[in-house]
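Breakdown of the fold
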Amino acid sequence: MATENKKYEKHSFKSFLEQYHVIIPMVQRDYAQGRKTDDVKRVRDRFLNAIKSYLVKADEEDEVMKMDFIYGEKEQVWSTKVANKLEKIIITPLDGQQRLTTLYLLHWYAAKKCGVEEDEYAFLHHFTYDIRPSSRDFCTHLMQYSPDWSLTLREQLTDQNWFMGEWHNDPTILSMLVMLDSINDKFGDIANLWDSLTGEKERIIFYFLPLSENGLSDELYIKMNSRGKKLTSFEHFKAEYENLYEKDSDEARTLNHKFDVEWADTFFPYRNSDNTVDKEFMRYFFYISHILCYEQGVKKSNDEFELINLVYRDSPNAAANRKYLEEAFDCWFDVLTEYGSIDIFFKEFLSESDYEKGKVTTFKSVDEYCRCQNFFHACIKLYQVNNNFSYSDFLFLYGIITYRINKEKIKECDFRDRLRTLRNLIWNSSSGEIRGDGDYMKDLLCQVKGVMLSGSINKEVTHRFNGIQTDEEIEKKGMVRENDIEKLHRFEDHPLIYGYASGLGYDYLDLVDTFLSLFGKSPDYIKIHRAMLAIGDYTQQGSNRYYMGNHNRATWSQLLHKSRNRSNFEERTMTVLRKLLQRVKEGEKLDDVINQYLSEKEKAKEYDWKYYFVKYPDMLRGADGELTWDESNDYICTTLNKHQFNGQHWNPFLNVIFQKLSNTLLDKEGKSILALGNYGENLNILTPISSLAATGTGFTYYHQDTSEVWDVPQENYIDKEDRIAFAIDKICKL
């Protein structure tokens, strides 16, 4: 409501009550600033802290806290005994009740705490509630009571014989009790509190605007106040943030316009079902503020009002931080203006899962990324909600924002290249390298900024993106021929690779098409594994574990990325893979590679450990493709479901036998007579009751109290007969 050309009065709380009697009317809601919800507590703490900050200022400081306008009606009360004598003027506030009530409680507290004579605070009798009789009676008793400060004010007041039991159901009284204890906590250390509140140097003022004297009706303000509809958290935040700017300044008017128009237009396409974007706006505010916290070593807070103070008011970088926040919001309005929608912008530069020329694939399938990989939308819907907006996404979006803010300095073609570099660095760094710790994120944000602004990777920071990937990004710029760049990008954008290309080797980019065909939409991972083993031992080793690729895509992704925790990446895995790709490129099928190997082994009667893994797909069981191996014997190994050995694990030879016979050897009721546990047990045979254990030379058969060795013929420790076929034949003859 505009107040230009309106008649209003400036008052302190004391001068207001000395001139008027204030009655909170029934039309108003209950006092709410003492409610116990988290939102109200934050508003209460913020309000009391603001009041205190003005009361403790030095006398020579002239700053005054201005609490804006109080709207209400005036009613003159004339004497019934003396003609033309005005006894009092009653003010009925229709907006400002909450502020007035808090000031009333603060002045009462100051008077009692400072031992002020009753005639000095007599003006407080001019304030009362008419919402319900209990609230009015409580205020009356409160004025007559003096606490001894031995307990909390709530405890002392509720223990008085005049405090009625039913008052515990009066929300106004309950809120007043909470507020009084909060006031005691905040102001108990100010010795001259009464003088600060009521002295000649006014510290806290407001403006009273009488409705009738300004040609306004109370109906307008009743509607405006919606019978006590409380302000949203966002409205409190917006008001507090706007207070950072000098009132009525050009900056303040510009900011207000952005809040209400430009930024509202930016967020409105992503509104909730209730047509509000408050939560989305606040998530983005937290996101940008946390970037600044990380960069400047400020403790990250999840309280918006605390952030306003820490980052935008009290920080030595406050002005620059406010500027950056505005730029971070403005850049998306600019995108909206330039592209027509933010979705279209992301669709221009990113793809979800398939390579598209000139774009970077980011593999995000969560709904909030909108299938166009809209990281802005994901941020405002998911930041601090769940892990679907990760620290990796935090950094990637920061890179995009850095480009948009500095758009005039960065060519679009450079942005596309740098965005790919950033994707490669982030997607190939582990959770141990990308962490939410302040010192980690500070360094990583520094690296992201360097990549986006100059295309360089800062290796001098303490906490860095994955070192192997960093070296690759620096190396590839000088090693990839211009006419191979698209092949490189197609390879990088494969979901098993996501940017790590040097494993294949820049001299082997002619194999990219074959790789993409072999590892296409529905690759036969097990057959690829068998074909690779048919060419050579491609396993990797680390921490007493051996690693192969199985049906699980993740096992292949790990195998195709070099790791400091595993050996044999280049000399085994990638060497074998390149040989397989070359043979497939020249026309061989996977079955050809497998069958040729098996035929050669069977003809030579050389059944080494690889033969069994190539011949029998069920040799691999478990999710992670991990195995343990006895160093003394190639035939003694265990497949693990997960890394820990105390989890599920199996002997692969017994597992193959079980899988082949469990549906064949049945009892009279059609039930299998074989059973194999999940923790390395022997293969149990129910008819006759017996079991089979695997050994380095074959098997041991246990029946009752006897055991029988089923050794396979060997030469130079290599089987001369297929031990699985050998065991199956033995079992079937039992």
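An account of the accompanying structure is given in this report.

Scoring rules and cut-offs
Along each chain, residue indices are assigned from 1 in the same order as the chain's sequence is written. Local features in a predicted model are, by the rule used here, given only for residues with pLDDT of at least 70; side-chain atom pairs are given and counted only at 80 or more, and totals for whole chains, interfaces and linings are based on all residues. Hydrogens and waters are ignored; side-chain quantities use all the structure's heavy atoms. The helix and strand labels rest on DSSP assignments: H or I over at least four residues marks a helix, E over at least two residues marks a strand, and numbering proceeds from the N terminus. Accessible area is worked out with a 1.4 Å probe on protein chains only. A residue is then buried under 20% of its type maximum, exposed over 50%, and partly exposed in between. Note on definitions: a residue-residue contact is assigned when non-hydrogen atoms from the two residues lie within 4.5 Å. Accessible areas in this description were obtained via Shrake-Rupley with a 1.4 Å probe; residue shielding takes into account the shown protein chains only. Neither His nor the chain ends contribute to the count of charged residues, in which Lys and Arg are positive and Asp and Glu negative. We put the charge of a Lys on NZ, of an Arg on CZ, of an Asp on CG and of a Glu on CD. Angles shown run from 0 to 180 degrees and are taken between the N-to-C directions of axes, each axis being a line fitted to C-alpha atoms and, for helices, limited to the stretch in contact. Orientation categories follow fixed angle ranges, with anything under 35 degrees roughly parallel, anything over 145 roughly antiparallel, 65 to 115 roughly perpendicular, and all other angles oblique. A crossing counts as left-handed when the near helix is turned anticlockwise from the far one by less than a right angle, and as right-handed when that turn is clockwise. When residue character is reported, Ala, Val, Leu, Ile, Met, Phe, Trp, Tyr, Cys and Pro are called nonpolar, Asp, Glu, Lys and Arg charged, and the others, Gly included, polar. When DSSP finds two or more bridges between a pair of strands, those strands are recorded as paired. What qualifies as a polar contact is a pair of N or O atoms within 3.5 Å, subject to a donor-acceptor requirement within protein and to the restriction that residues adjacent in sequence count only when both atoms come from side chains. Two rings from Phe, Tyr or Trp (for Trp, the six-membered ring) form a pair when their centres are within 6.5 Å of each other. A pair whose planes differ by under 30 degrees is stacked, one over 60 is edge-to-face, and the rest are tilted. Only Lys NZ and Arg CZ are tested; either one counts as a charge over a ring when it is within 6 Å of the ring centre and within 35 degrees of the ring normal. What makes a salt bridge here is a side-chain nitrogen of Lys or Arg within 4 Å of a carboxyl oxygen of Asp or Glu, nothing more. Helices are assigned an expected span. That span is 1.5 Å times one less than the residue count. Each cavity reported here is a set of points on a 1 Å grid over the protein atoms alone in which a 1.4 Å probe fits but cannot get out, each pocket an open set with protein on both sides within 12 Å along at least five of seven lines, and each lining residue one with an atom within 4 Å of a point. Grid points are joined across faces, edges and corners, and a volume is the space filled by probe spheres set on the points.

**Considerations on the overall build of the chain**
A tally of helices and strands in the chain yields 28 helices and 20 strands. Reported as C-alpha extents along the three principal axes, the dimensions of the chain are approximately 130 × 70 × 45 Å. Counting every position in the chain, which comprises 734 residues, the buried fraction comes to 51%. Residue pairs in contact within the chain that sit at least 24 positions apart in sequence constitute 63% of those at least 6 positions apart. Per element, the accessible surface of the chain, about 35,200 Å² overall, is 45% carbon and sulfur. Across the chain, the centroid of the 95 positively charged side chains sits 3 Å from that of the 118 negatively charged ones.

**Points about the packing of helix α15 (residues 375–382) against helix α16 (residues 391–405)**
Contact geometry for α15 and α16: axes closest at 10 Å, N-to-C directions at 130°. As summarised for this structure, α15 and α16 are arranged oblique, according to the angle between their axes. The way α15 lies across α16 gives a crossing that is left-handed. Contact residues: Phe375, Phe376 and Cys379 in α15; Asp393, Phe396 and Leu397 in α16. Across the contact of α15 with α16, the residue classes tally to 5 nonpolar, no polar and 1 charged.

**Things to note about the pairing of strand β17 (residues 698–703)**
Bridging between strand β16 (residues 689–694) and β17 involves 5 bridges; their strand directions are antiparallel. If you follow Ala693 over to β17, its bridge partner there is Thr700. With antiparallel pairing between neighbouring strands as the criterion, β16 and β17 make up a hairpin whose turn holds 3 residues. Strand direction decides the pairing type here: β17 and strand β18 (residues 706–711), joined by 6 bridges, are antiparallel. Note that in β18 the partner of Tyr701 across the bridge is Glu708. Counted along the chain from β17 to the antiparallel partner β18, the turn is 2 residues long, and its residue Gln704 has a positive phi close to 50°.

**Observations concerning the environment of Glu570**
Summarising the element assignment, Glu570 is placed in helix α24 (residues 569–585). The class for Glu570 is partly exposed, based on a relative accessible area of 35%. The spacing of Glu570 and Leu177 is 393 residues in sequence and 72 Å in space, taken between C-alpha atoms. A polar side-chain atom of Glu570 sits 2.4 Å from a polar atom in the side chain of Arg578.

**Some remarks on the packing of aromatic side chains**
For the structure shown, the criterion picks out 76 aromatic pairs. With a centroid separation of 4.6 Å and 20° between ring planes, the pair formed by Tyr104 and Phe127 is classed as stacked. Pair noted here: Tyr104 is in helix α3 (residues 97–113) and Phe127 is in strand β5 (residues 127–129), with a separation of 23 residues, a long-range link. We note that Tyr104, like Phe127, is buried. Taken together, a centroid distance of 6.1 Å and an interplanar angle of 70° make the contact between Phe127 and Tyr129 edge-to-face. Per residue, the accessibility class of Phe127 equals that of Tyr129, and both read buried. Taking NZ or CZ as reference, Arg271 lies 4.0 Å from the ring centre of Phe268, over its face.

**Considerations on the pairing of strand β15 (residues 683–686)**
Every second residue of β15 is oriented toward a common face, the buried set being Leu683 and Ile685 and the non-buried set Asn684 and Leu686. Note: strand β14 (residues 674–676) against β15, 3 bridges, orientation antiparallel. Residue pairing across strands places Leu676 opposite Leu683, the latter belonging to β15. Once β14 ends, the chain turns through 6 residues before running back antiparallel as β15, passing Gly680 with a positive phi of about 80°. Both β15 and β16 contribute to a ladder of 4 bridges, which runs antiparallel. Within the sheet, the bridge partner assigned to Ile685 lies in β16 and is Ser690.

**Thoughts on the pattern of salt bridges**
Close approach of charged atoms allows side chains of opposite charge to pair. Taken as a whole, this structure holds 49 salt bridges when the rule is applied. Between Arg42 and Glu304 there is a salt bridge, and its shortest N-O distance comes to 2.3 Å. Of this pair, Arg42 sits in helix α2 (residues 38–55) while Glu304 sits in helix α12 (residues 304–313), and the two are 262 residues apart along the sequence. Ionic pairing is found between Asp354 and Lys521, a salt bridge with its closest N-O pair at 2.7 Å. Of this pair, Asp354 sits in the loop between β7 (350–351) and β8 (360–361) while Lys521 sits in the loop between α21 (512–518) and α22 (525–535), placing them 167 residues apart in sequence. Under the relative-accessibility criterion, Asp354 is labelled partly exposed at 39%. Residue class for Lys521 comes out exposed when judged on its relative accessible area of 69%. Shared partners join several salt bridges into a network, and the residues in it are Arg420, Arg423, Glu472, Glu473, Lys476, Glu492 and Asp493.

**Observations concerning unusual backbone geometry**
Omega for the bond connecting Thr687 with Pro688 falls within 30 degrees of zero, at -10°, which places this linkage in the cis form. Within the secondary structure, Pro688 sits in the loop between β15 and β16. Even without being a glycine, Asn275 presents a positive backbone phi close to 65°. For Asn275, the location among the structural elements is in the loop between α10 (250–267) and α11 (278–296). Of note in this structure, Ser543 is not a glycine but carries a positive phi near 50°. By relative accessible area, which is 57% here, Ser543 ends up exposed.

**Side note on the sheet that holds strand β10 (residues 545–547)**
Strands sit in the order β9-β10-β11-β12-β13 across an open sheet of 5 strands; the sheet is antiparallel. The two strands at the open ends of the sheet, each matched to only one other strand, are β9 (540–542) and β13 (649–650). When β10 meets strand β11 (residues 626–629), the two strands line up antiparallel, connected through 2 bridges. Pairing of Tyr546 across the sheet is with Leu627, part of β11.

**Examining helix α6 (residues 171–187)**
For α6, spanning 17 residues, the distance from its first C-alpha to its last is 24 Å, which sits close to the expected 24 Å at 1.5 Å a residue. With 12 of 17 residues buried, α6 is to be regarded as a mostly interior element. Among all positions of α6, only Thr172, Ile173, Ser175, Met176, Leu177, Val178, Met179, Leu180, Asp181, Ser182, Ile183 and Phe187 are buried. Structurally, α6 contributes buried residues whose contacts are with α2, α3, β5, α4 (133–144), α5 (153–158) and α7 (193–198). Sitting at the amino-terminal end of α6 is Asp170, which places a side-chain oxygen 2.9 Å from the backbone nitrogen of Thr172.

**Observations concerning helix α27 (residues 652–661)**
α27 sits mainly inside the fold: 8 of its 10 residues count as buried. Among all positions of α27, only Pro652, Phe653, Leu654, Asn655, Val656, Ile657, Phe658 and Leu661 are buried. At the N-terminal end of α27, a side-chain oxygen is found 3.0 Å from the backbone nitrogen of Phe653, two or three residues along, and the residue is Asn651.

**Let's talk about the environment of Lys247**
Note on placement: Lys247 falls in the loop between α9 (233–242) and α10. Judged by relative accessible area, Lys247 falls into the exposed class, the value being 61%. For the pair formed by Lys247 and Ile434, sequence separation is 187 residues and the distance between their alpha carbons is 42 Å.

**Here we look at empty space enclosed by the protein**
Taken as a whole and assessed by the stated rule, the structure comprises 3 cavities of 30 Å³ or more. Empty space within the largest cavity amounts to approximately 50 Å³. Forming the boundary of the largest cavity are Ser12, Phe13, Leu55, Leu103, His107, Ser196, Leu197, Arg203 and Ile204. For the lining of the largest cavity, the secondary structure elements donating two or more residues are α3 and α7. For the lining of the largest cavity, the class distribution of residues is 5 nonpolar, 3 polar and 1 charged.

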